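So you can see what is in the structure, the chains are spelled out below.
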Amino acid sequence: MRGMKYRRREVCLEGGVRLVMESALSARDRVGVQDFLLLENYNSEAAFIENLRRRYREGLIYTYIGSVLVSVNPYRELEIYSKQNMERHRGVNFYEISPHIRDQCILISGESGAGKTEASKKILQYYTHICPTRNNTQTIRERLLQSNPVLEAFGNAKTLRNDNSSRFGKYMDIQFDYKGAPIGGHILNYLLEKSRVAHQNHGERNFHIFYQLLEGGEEPLLKRLCLEKTTPQHHHYLVKGNCPRVSSISDKNGWKIVRNALSIIGFEEEEIQALMEIVASVLHLGNTQFGEDEEGETHVTTEPPVQFLSQLMGVDALVLKEALTHRKIVAKGEEMISPLSLEQALSARDSMAKAIYGRAFTWLVQKLNQSLAFKDEVYYSSKCSSVIGLLDIYGFEVFQHNSFEQFCINYCNEKLQQLFIELTLKSEQEEYEAEGIVWERVEYFNNKVICELVEEKHKGIIALLDEECLRRGDASDITFLEKLEDTLVGHAHFVTHKMANGKVRKAIGREEFRLLHYAGEVNYNVNGFLDKNNDLLYRHLKEVLCQSDNPVVSQCFHEEELMDQRRPESAVTQFKLSLAKLMDILMSKEPSYVRCIKPNDGKQPGRFDDVLVRHQVKYLGLLENLRVRRAGFAYRRNYEAFLERYKSLCPDTWPNWHGELADGVATLVKHLNFKPEEYKLGRSKIFIRFPRTLFMTEDALQAQKQSIAVTLQTSWRGYRERVKYIQIRHAVIAIQSWWRGVKGRRKARHRRQAADTIRRFIKGFILRNEPRFPDNQYFLDHVRFSFLMKIKRNLPKSVLDKSWPNPPPSLLEASELIRSLCTRNLVNDYCRRIQPEWKKQLEQKVVASEIFKAQKESYPQSVPKLFVASRLETEEINLKVLQTLGHDNKYGIAVTKYDRHGFRARVRQLLLTASSAVLVQEAKIKQRIDYGTLLGISVSSLSDGFFILHVPTADSKQKGDLVLQCDHVIEVVTKLAVMAEKMHNVNISQDSIRFAVARGKEGVIDFIRGSDLRVVKSKNQPTHLMNQRQHPSHEQMI
């Protein structure tokens, strides 16, 4: 390439890059060949399609035709565009790695939806990633990338075949410095489809920017543009295709991307505002409608859109309305104004919309070029900089209805095909001459005759079209067709309905002509050819636009146009001239090609439509390209790479060849029995004519690999083991020497340490009773450690285990502290594990201990006995009593009650509830003592079961203190004291207890030790009761 020059490498590639072209040949039955030049039956269209299908099925979307890259749209994201993959392709030549988008001057073409736009994006991403970075190049990188979404928004639209179809051609030059860093860029645009502004086919949309503005524009912006966030159906120019929304397109996100891209590229806020005003003006212009009055004069029927348009464009509303409904004609210096018919007014409106949008698009491209331009003129003029071009242009188009746009597009593809054939043959011839190979004439279809048919002066279709547009009188599309028939009669590649024979005539309409292009036959309908070619805007409308206050419109329409009396060039002539300049650019840059193919119309990944692909292969001229390249030699490789790969097939060249490379290759092909007609040896390369020769060589290599592998493995294993043995032997000797020294030094160090330890221990033992100081510190530490370890091994296992090691004198205090901590820990651990019932039992036992310990003789016998929940079963308590008390009964026990008069013993039941103590006789509640009125409880210090409940004597409900006896006095008193919260109101008397008999009367119970338990009433004192309790030391009765 004449643009950027990268270092070339073909063997010993850095980073582990493999020569995979030849490697892939072994898998050709499964994945096909990655270069169509290696296709055996290269003349077969079926073989060509089958190779594409195999590779597409395996996810291989790229295939070469020599230096041409064929790309099949996968309709899904592939993992081949990672940064790691980009690094693999840095500076690598063809065939060193699998086919891929690469750094070259590239011409991208293909049908709409084939992936041209995506391919150009990937190339730009590759450039911006792989090229070196300088301090001032990051901005250019970002602007190069962000130019794509801006151009897509204003120049792309949804069509029947593609949701993001480019409706213009684009050529971008990317300028690099001598280090390969991008420093600038320039964009050329071709043939914007302006007719889409005013009309779209069913199922298609207008340009993306209209929908993005309505869907994503901010409320303040839309208000300034006199728009609302409404559906596109409210705008006449957006309803023609009846496709306001597309599931695969997010117009709201698209607006955010475009808005951000404009800021990154460097557009000022005022410029963005002016640009959006133009977009809104086109929408308002489309909503402007016309009508006819009774006299047949045309007038505007929708006032608001005109007012909005006047406000946004900065023109007078009255002047604008007049320009939309009248035409100004200048003849011999005089001006005449004539009214327009309704049809002419609608046409003038649409022409104005197309002119405004088309020139705004041109202004946008110029603004992008200003942003991408390299500013250092001195540096720019130096020979150190270089340029790489990228052409993204429409492919050959054949629709059911083909018009002026398809004619221009297919003319462009004819020129590109002519250029391709010329450059392909030229590069082939130059390579043959450089290698000293005789050039053989190649037979191919030269489409120069078709190009001349279109562009020849005076006789070509373009010249005849311009002539008819300039002709005075009733020039029309039909007269243009008649002129073509008169002028081109007898031409082999031109035919009309009138000129055709009976069979062909049925396929051509009366308003159509057929061209026999290099890619096939196409019928063009002449309706609209003259209007689209004229592309004229009435003078009156031009004057209005030249007076606009909008800064972008004022730059697009100049008053000099009004002064120029010359007729502007027609659209097709402008396109022809710009195409000629493009050809000059491409000829100067040695272009390469990317041919994009759409595998199916449904945009479904993995689906391969044979009919559709065959159609595109034909119209892209891929088979013709292949036949031109295969006219000579199918495969060529420099000697070093060829010998490096296949040297193992010849004993004379294996394992190494030490002579000249050419002699080595000659020796190798002689051993392989290559026939003279199968190959040629050049100065630095070998040329192989037939793919089967290469395939046989490759298959022989695959068969030889087994024996080569065994030989290499045997030699390598022997060498590896010898080297390993020598290394191990040296290592063993070194380790042994080192280890003996280490072991000796370690033994001496251990002896010194042992002697020092023994010496310190003995000295510390002698001074063990002295205060701690350095001489006895080691011994004391040892004693402390030993004692602590002894404690660790002999810790008590439970609270009741009172064992503890004897501490040395110096650790007495520490021992007690540790023992206390250990006991506390055992207690805490025991408390954490105790059950709720057992906890309640212990709490009651603690209360009993606090009350009775060392106070009552029968207490020690009660300690091991558990307190029970109740001494009475539910069946033992009268049902009526239970119903009276409800579920409030907490504890019950059988007791003996002594009357206050006569002290007769009565069997009763004592029930303790949550709030009171109740004395029950069968079904009758004899007495209820609320805990709040209970004054105290009295018991004796002996082993009897008496206890007295003291109640207030002033309480009329109470008959006096209760004198009770039971067998479980400790349990009853404890539970009663806890429930009544009278733990501190239990009186334990040594000899006698006084109790209230009735109001003002008092009784006494004397407790006397005796041989057995007896309760007697004093004969002398009626209120005196004596209780004799059996005691071991007293056997007499008092």
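- The name given to the chain in an unreviewed UniProt entry is Myosin motor domain-containing protein, and the organism recorded there is Danionella cerebrum.
- Comment text from UniProt for the chain, heading Sequence similarities (unreviewed entry), reads "Belongs to the TRAFAC class myosin-kinesin ATPase superfamily. Myosin family."

### Some thoughts on the pattern of salt bridges
Here's step 1: All told, the structure shown has 34 salt bridges when counted by the stated rule.
Here's step 2: The salt bridge partner of Arg 205 is Asp 251, with a shortest N-O separation of 3.2 Å. Residue Arg 205 is found in the loop between α7 (195-198) and α8 (208-216), and its partner Asp 251 is found in helix α10 (residues 251-265); the two are separated by 46 residues along the sequence. The pair Arg 205 / Asp 251 is uniform in exposure class, with both members buried.
Here's step 3: One salt bridge connects Asp 899 with Lys 897, and the closest N-O pair in it is separated by 3.3 Å.
Here's step 4: Connected via shared salt-bridge partners are Glu 50, Arg 53, Arg 54 and Asp 610.

### Some points on a positive patch on the surface
Here's step 1: Judged by side-chain charge, Arg 740, Lys 743, Lys 747 and Arg 751 come together as a positively charged surface patch.
Here's step 2: On the secondary structure map, Arg 740 appears in helix α30 (residues 691-766).

### Observations concerning the pairing of strand β22 (residues 916-921)
Here's step 1: Taking burial as the measure, the six residues of β22 include five buried ones, the bulk of the element.
Here's step 2: For strand β21 (residues 905-913) and β22, the ladder comprises four bridges, and the chain directions are antiparallel. Considered in β22, the bridge of Gln 909 is made with Val 920.
Here's step 3: Connecting β21 to the next strand, β22, in antiparallel fashion are two residues.
Here's step 4: Note: β22 against strand β23 (residues 924-930), six bridges, orientation antiparallel. Its bridge partner lying in β23, Val 920 is registered against Ile 925.

### Things to note about unusual backbone geometry
Leave glycine aside and you will find that most residues have negative phi; peptide bonds, for their part, are mostly trans.
Here's step 1: One non-glycine residue with positive phi stands out, namely Asn 242, at about 55°.
Here's step 2: By the secondary structure assignment, Asn 242 is in the loop between α9 (219-224) and α10.
Here's step 3: Located in the positive-phi region is Asn 673, a residue other than glycine, with phi close to 60°.
Here's step 4: With respect to the helices, strands and loops of the structure, Asn 673 is situated in the loop between α29 (661-671) and β18 (679-681).

### Section: helix α22 (residues 539-546)
Here's step 1: Among the eight residues of α22, seven are classified as buried, and the element is accordingly described as predominantly covered.
Here's step 2: For α22, the complete set of buried residues consists of His 540, Leu 541, Lys 542, Glu 543, Val 544, Leu 545 and Cys 546.

### Focus on the packing of helix α6 (residues 138-155) against α8
A pair of packed helices is characterised by two quantities: the angle between their axes and the separation of those axes.
Here's step 1: Contact geometry for α6 and α8: axes closest at 5 Å, N-to-C directions at 100°. Looking at the two axes, α6 sits roughly perpendicular to α8. Where α6 approaches α8, its residues Glu 152, Ala 153 and Phe 154 are matched on the opposing element by His 208, Ile 209 and Gln 212.
Here's step 2: For the contact of α6 with α8, the residue count by class is three nonpolar, two polar and one charged.

### Description of the sheet that holds strand β27 (residues 986-989)
Here's step 1: Reading across from one edge, β23-β22-β21-β20-β26-β25-β24-β27 is the order of the eight strands in this open sheet, with mixed pairing throughout. Each edge of the open sheet is held by one strand with a lone partner, namely β23 and β27. Sheet twist, expressed as the average angle between the axes of neighbouring strands with direction ignored, equals 30°.
Here's step 2: Relative to strand β25 (residues 946-950), strand β24 (residues 936-940) is paired through four bridges, and the arrangement is antiparallel. Residue pairing for β25: Gly 936 is matched across the bridge by His 950.

### Digging into the packing of α30 against helix α31 (residues 774-793)
Here's step 1: Contact geometry of α30 with α31 gives a least axis separation of 7 Å together with a crossing angle of 90°. On the basis of the axis angle, α30 is roughly perpendicular to α31. Residues Thr 757, Arg 760, Phe 761, Lys 763, Gly 764 and Phe 765 of α30 pack against Asp 775, Asn 776, Tyr 778, Phe 779 and His 782 of α31.
Here's step 2: Residues of the contact of α30 with α31, tallied by class, amount to four nonpolar, four polar and three charged.

### As for the side chain of Lys 856
Here's step 1: In this fold, Lys 856 is placed in the loop between α33 (836-852) and α34 (859-862).
Here's step 2: As a buried residue without a salt bridge, Lys 856 has its nearest oppositely charged side chain in Asp 944, at a separation of 4.1 Å.
Here's step 3: Within polar-contact distance, the side chain of Lys 856 engages the backbone oxygen of Ser 940 at 2.8 Å.
Here's step 4: Dropping the residues within four chain positions of it, Lys 856 is found in contact with Ser 940, Ser 941, Leu 942, Asp 944, Val 969 and Ile 970.

### Examining the side chain of Lys 122
Here's step 1: Counting through the fold element by element, Lys 122 comes out in helix α5 (residues 116-130).
Here's step 2: Contacts of Lys 122, omitting those with residues within four sequence positions, involve Glu 77 and Tyr 81.

### Observations concerning the packing of aromatic side chains
Here's step 1: Counting across every chain of the model gives 23 aromatic pairs.
Here's step 2: Ring geometry for Phe 168 versus Phe 361: centroids 5.0 Å apart, planes at 70°, classification edge-to-face. On the criterion of sequence distance, the pair formed by Phe 168 in the loop between β5 (165-166) and β6 (169-176) and Phe 361 in helix α14 (residues 342-372) is long-range, its members being 193 residues apart. Assigned by exposure class, Phe 168 and Phe 361 land together as buried.
Here's step 3: Plain terms: the ring middles of Trp 716 and Tyr 719 are 5.8 Å apart, the flat faces sit at 40° to each other, and that makes the pair tilted. Residue Trp 716 and its partner Tyr 719 are located together in helix α30, separated by three residues, close to a single helical turn.
Here's step 4: Put simply, the rings of Phe 404, Phe 407, Phe 480, Phe 494, Phe 513, Tyr 524 and Phe 529 pair up and form one aromatic cluster.
Here's step 5: Above the face of the Tyr 211 ring, Arg 205 is positioned so that its terminal group lies 3.9 Å from the ring centre.
Here's step 6: Across the ring face of Phe 765, the terminal group of Arg 768 is positioned such that the distance to the ring centre comes to 4.1 Å.

Quick notes on the rules
Residues numbered from 1 in each chain as written. Predicted model: local features only at pLDDT ≥ 70, side-chain atom pairs only at ≥ 80, totals over all residues. Heavy atoms only, no water. UniProt positions renumbered as here; feature names shortened; annotations may be inferred. Salt bridge = Lys/Arg side-chain N within 4 Å of Asp/Glu carboxyl O. Helix = DSSP H or I, 4+ residues; strand = E, 2+ residues; numbered from the N terminus. Buried < 20%, exposed > 50% of the residue type's maximum accessible area, 1.4 Å probe, protein only. Patch = residues over 30% accessible without salt bridge, like charges linked within 9 Å, V, L, I, M, F, W, Y side chains within 5 Å. Areas by Shrake-Rupley, 256 points an atom, 1.4 Å probe, with all protein chains shown as cover. Lys, Arg positive; Asp, Glu negative; His and termini not counted. Charge placed at Lys NZ, Arg CZ, Asp CG, Glu CD. Pairing = 2+ DSSP bridges. Axes fitted to C-alpha atoms, helices over the stretch in contact; angles between N-to-C directions. Parallel < 35°, antiparallel > 145°, perpendicular 65-115°, else oblique. Contact = heavy atoms within 4.5 Å. Nonpolar A, V, L, I, M, F, W, Y, C, P; charged D, E, K, R; others polar. Polar contact = N/O pair within 3.5 Å; in protein donor to acceptor, adjacent residues only side chain to side chain. Phe/Tyr/Trp six-rings, centres within 6.5 Å; stacked < 30°, edge-to-face > 60°. Lys NZ or Arg CZ within 6 Å of the ring centre and 35° of its normal.

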